[in-house]
Amino acid sequence: QVGWSSRAVADQGGGVMRVVIAFVALCAGAFLKTREDMDNHECKVTCHEFGMGILAAKNPAFAGIDDPTECCNVCDKEYPAK
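Described below are features of the structure shown in this document. All of these numbers come straight from a predicted model, not from anything done at the bench.

## Observations concerning the packing of aromatic side chains
Part 1 of the argument: For the structure shown, the criterion picks out one aromatic pair.
Part 2 of the argument: Ring geometry for F62 and Y79: centres 6.4 Å apart, planes at 15 degrees, overall stacked. Here Y79 lies in the segment after α4 (68–78) and F62 lies in the loop between α3 (52–58) and α4, a separation of 17 residues in the sequence. Taken as a pair, F62 and Y79 share a single burial class, namely buried.

As structure tokens, then:
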């Protein structure tokens, strides 16, 4: 047979859907953090997930940062480790 069976297409779509759901859940978790409950560790995790835009929306000190290392340095200043 030539072409894709409907089952193969459905199986492939399911994998894509799982990735999309995981990504949305990850983003939602980052958005649920408020400035008051953000700590140094959570800030750095967000930096390493390239969430600088999320951090910048909550704290202008992160505006224009696009490097995780630089972002972590700002985390140390804005959210000092306890």
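Now that the structure has been shown, we can carry on.
## Description of the environment of P80
Part 1 of the argument: Within the fold, P80 resides in the segment after α4.
Part 2 of the argument: Residue P80 is classed as exposed on the basis of its relative accessible area, which comes to 52%.
Part 3 of the argument: Along the backbone, P80 and H41 are 39 residues apart, and their C-alpha atoms lie at a distance of 9.4 Å.
Part 4 of the argument: The contacts of P80, once residues within four sequence positions are left out, are N40 and C75.

## Side note on the nonpolar core
Part 1 of the argument: Judged by nonpolar contacts, M38, C43, C47, M52, L55, F62, I65, C71, C72, V74, C75 and Y79 together constitute the single largest core of 12 residues.
Part 2 of the argument: Taken together, the elements giving at least two residues each to this core come down to α2 (40–48), α3 and α4.
Part 3 of the argument: Here this core gets four residues from one element, more than from any other, and that element is α4.
Part 4 of the argument: Not counting chain neighbours up to four residues away, the residues in contact with I65 comprise M52, E70, C71 and V74.

Rules of the game
- Within every chain, residues take consecutive numbers counted from 1 along the sequence as written.
- In keeping with the predicted nature of the model, local features appear solely for residues at pLDDT of at least 70, side-chain atom pairs appear and are counted solely at 80 or more, and the whole-chain, interface and lining totals rest on all residues.
- Processing note: side-chain calculations cover all non-hydrogen atoms of the structure and skip hydrogens and water entirely.
- Stacked, edge-to-face and tilted are the three classes for Phe, Tyr and Trp ring pairs, Trp counted by its six-membered ring, which pair at centre distances within 6.5 Å; planes under 30 degrees apart are stacked, over 60 edge-to-face, the rest tilted.
- Strands are runs of DSSP state E lasting at least two residues, helices are runs of H or I lasting at least four, and both sets are numbered from the N terminus onward.
- Using a 1.4 Å probe on the protein chains alone, a residue whose accessible area is under 20% of its type maximum counts as buried, one over 50% counts as exposed, and one in between counts as partly exposed.
- The contact definition used throughout considers only heavy atoms, calling two residues in contact when any of these lie within 4.5 Å.
- Take the buried residues of types Ala, Val, Leu, Ile, Met, Phe, Trp, Tyr and Cys, join any two whose side-chain atoms come within 4.5 Å, and each joined set is a nonpolar core.

That is the geometry; function is a separate question.
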